[in-house]
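Residue-level listing of the chains:
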Amino acid sequence: MKRYDLIVVGAGPAGLSAAIEAARCGMRVAVFDENAKPGGQLFKQIHKFFGSKEHQAKIRGYKIGETLLAEAAEAGVEVFLNATVAGIYLDKELLVQRGEVMEHFKADTIIIATGAAENMVTFEGWTLPGVIGAGAAQTMMNLYGIKPGQKVLMLGSGNVGLVVSFQLMQAGCEVVALVDAAPRVGGYGVHAAKIARCGVPFYLAHTITKAEGSNCVTGVEIAQVDDDFAPIPGTEKHFDVDTICLAVGLSPMSQLLKMAGCNMVDDPRRGGQVPQVDENGETSIPGLFAAGDVSGIEEASSAMIQGRMSGLAAAAYLGFLSEQDKDNRLADLEIALDSLHQGMFAPGSKGKTIAKTDEGIAVSQSLLKKGYLDDADLERFINRSDQTDKKSGIHPVIECTQNIPCNPCQDACTRGCIKVGKTITALPRIDAANSCTGCGMCIASCSGQAIFLVDEDYAPGYASITLPYEFLPRPQKGELGIALSRSGRPLGYAEIIDVRSAKAYDQTTLVTIKVPVEQAMTARFYQPETNAAGQ
Amino acid sequence: MKSINDRSQDIGPFVSQTDDAIIICRCEEITKGEIRQAIHDGMFTVNEIRRYLRAGMGLCQGQTCGKLVKNLIARELNVIPDQLDPATSRSPMRPVEMKVLGNEEVAHV
Ligand SMILES: Cc1cc2nc3c(=O)[nH]c(=O)nc-3n(C[C@H](O)[C@H](O)[C@H](O)COP(=O)(O)OP(=O)(O)OC[C@H]3O[C@@H](n4cnc5c(N)ncnc54)[C@H](O)[C@@H]3O)c2cc1C
Ligand code: SF4
Ligand code: SF4
């Protein structure tokens, strides 16, 4: 039987972070993951992350994964792939399936970081081929390069549903509708706005009543629901689709912890069965820790911090780190974790209806119901006096209206045009005293693709709008296409006057369109004309 | 918990529902109606449903239907799902072929 100081189960962001910290303290560390590739969910996440610099904000998920792997290798962590932990027994013994062999391993400390599994909902036809989890769709597209279908309906408006809808469109699928039984969009408004301006209609307070087809999905029927979530007869709508994606939440895969005999609790706010843990993730069994989604569904950014905390705690448990050093280092991590737990989407705010931002501005109801800001919202958020004291010429317009833990836009602008301040959940403000050069770094750094550069004085009667564009093929300068509104409504022809891509933009293309000046505050997306008929 | 272990409680008669034919456990092809009927036969826990019907004993080991079965039991018993225990977790966590399970490397280093 092989022995280690620490064995980590799961090579996702939580597990890798834990292993890195522990190995850096001098521990002999092994990580087991049942997949052929390490990284857990991270390598599927091709979008830029939220947060602050310390949370690796504006970096795409897969790049964070690459960094973690390099750090783990450097710290001397042994990562075993295609290694499924099948059982956990007394005195921290693990049974691991590797290929055709069952092997036993033993460790003095164990960290379980097995992540979560997707929830399902049932309706007539839900077992037909073509009904898939959103995470499965993401795996197909981003790990294996397979398009899940041509026409897709997404159920679930949380961040997973919103992010995967956008990625489906990036992969060339048509997303015919976004449906959620809840009366309001559950995820970040900026994610919703990104897909709304591509023309995806939102059906809140709706659910799927049936998947149509005999051998595979050929269509889907949705209906409005009443206050008890029961479908209202007569409100049915049909869509031709070949794929139905379900993004209806995740459940912690906590079986190993239960098997080990940890005290478990059923906590709906954490996603289901989770272990009772202290602030560093230690369970009721000394030396056995849990980190990441397995101890409560959150996100990769917090999973990495939790992982590091449990790694340090494991090191201190075995004496590889003094209690004082542990406390000092944990204090910093606690602050970083706490800053992610603030704002409108904080774990404590779950299920609460929020009427106003921290700044006292009434939140956009249109954003919560349709996925985009309406004219009245623009008055409150964008045309605030602190935003519009602009001189003539190019200036940023920031359409980020919810208190989310995010601030890369502030760091991006070396001219000091954008201010978030110390509290990273504050809404970004424009400091009109500083003049914008139009460098575009703010657009490319914004994880929510919520920043635009507008120049009302581009040419007599015309404005220019620079917007983030993450689709292929890249539009060409001189091309004529269609300008779309925030709701994806065609506004008329738009000419591309500039296309910029740079290493610093990290694969976000900055497209500048020329539109009639009255569309300066309405045009927010560009569609090549060839697609116009299809979408 | 007390009410759930009380087998004498009257949960009313089994009344068929229009969507009883929907499959809940895909691996073992068990329908909603079969599970609801089993509850009325006296199977008040996820473990009992597992043994009685094999729901959650297939390839995915209840990864998909575990929560669904729990919600069905909760609804029939008129309790909130958190009051019910999920199925017992046992090794092997994932389905494994017998020849592999038997191929144990006991004296490794
Ligand atoms: C579609 C989608 C989009 C997301 N977008 C974001 C985002 O933009 N920003 C963000 O911060 N977060 C995002 N998240 C959330 C984030 O991915 C997760 O919170 C994070 O990956 C959790 O990390 P983890 O290490 O706990 O688990 P995971 O990343 O799930 O890793 C767990 C690993 O453990 C392995 N494992 C499980 N059981 C066993 C076993 N018995 N034996 C061996 N190995 C095992 C799994 O194979 C997996 O590799 C998103 C999630 C999804 C699904
Ligand atoms: S374009 Fe450049 S200068 Fe202007 S606000 Fe954005 S980052 Fe600042
Ligand atoms: S505007 Fe700033 S705070 Fe808002 S999503 Fe973009 S980067 Fe984050």
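In what follows, the structure referred to is the one given above.
One structure accompanies this document, and this report is about it. These numbers were taken from a predicted model, which means no experiment stands behind them. (Residues numbered from 1 in each chain as written. Chains lettered and ligands numbered in written order. Predicted model: local features only at pLDDT ≥ 70, side-chain atom pairs only at ≥ 80, totals over all residues. Heavy atoms only, no water.)

Looking now at the packing of aromatic side chains. Residue and element names in this part refer to chain A. This model, assessed by the stated rule, comprises eleven aromatic pairs over all chains. Centroid distance Y188 to F345: 4.8 Å. Interplanar angle 65°. Geometry classified as edge-to-face. Taken as a pair, Y188 in the loop between β10 (174-180) and α5 (189-196) and F345 in the loop between α8 (323-340) and α9 (365-369) lie far apart in primary sequence, 157 residues in all. On the basis of relative accessibility, which here comes to 29%, the residue F345 falls in the partly exposed class. Where F471 meets F525, the ring centres are 6.0 Å apart and the plane angle is 70°; that geometry is what we call edge-to-face. Here F471, found in the loop between β24 (462-469) and β25 (480-484), pairs with F525, found in strand β28 (residues 525-528); they are 54 residues apart in sequence, far enough to count as distant. Each member of the pair, F471 as well as F525, carries the same accessibility label: buried. Residue placement shows R524 over the ring face of F452; its charged tip is 4.9 Å from the ring centre. (Phe/Tyr/Trp six-rings, centres within 6.5 Å; stacked < 30°, edge-to-face > 60°. Helix = DSSP H or I, 4+ residues; strand = E, 2+ residues; numbered from the N terminus. Buried < 20%, exposed > 50% of the residue type's maximum accessible area, 1.4 Å probe, protein only. Lys NZ or Arg CZ within 6 Å of the ring centre and 35° of its normal.)

Let's shift gears to the site of ligand 2. In the vicinity of ligand 2, the contacting residues are P396, C413, R415, C417, C436, T437, G438, C439, G440, C442 and L453 of chain A. The residue makeup of the shell around ligand 2, split by class, is seven nonpolar, three polar and one charged. (Near = heavy atom within 4 Å. Nonpolar A, V, L, I, M, F, W, Y, C, P; charged D, E, K, R; others polar.)

Contacts between the two partners involve 30 residues from chain B, matched on the other side by 35 residues from chain A. For the pair chain B and chain A, the summed buried area comes to about 2800 Å², and 54% of that belongs to carbon and sulfur atoms. Three residues, S89, M93 and R94 of chain B, lead the burial of chain B against chain A; their summed loss comes to 20% of the area buried on that side. If you look at where chain B meets chain A, you find three salt bridges. (Contact = heavy atoms within 4.5 Å. Buried area = accessible area lost by both parts, 1.4 Å probe. Salt bridge = Lys/Arg side-chain N within 4 Å of Asp/Glu carboxyl O.)

Let us now look at the site of ligand 3. In the region of ligand 3, the neighbouring residues are F50, I398, C400, C406, P408, C409, P428, C446, G448 and I451 of chain A. Split by residue class, the shell around ligand 3 holds nine nonpolar, one polar and no charged.

Moving on to the pattern of salt bridges. Opposite charge on two side chains makes pairing possible when the charged atoms of those side chains draw close. All names here are of chain A. In the structure shown here, the tally under the stated rule is 23 salt bridges over all chains. Between R308 and E21 there is a salt bridge; the shortest N-O distance is 2.9 Å. Highlighted residues: R308 in helix α7 (residues 300-317) and E21 in helix α1 (residues 13-24), separated in sequence by 287 residues. We classify E21 as buried; its relative accessible area is 3%. The network of salt bridges with shared partners includes R60, K63, E470 and D506.

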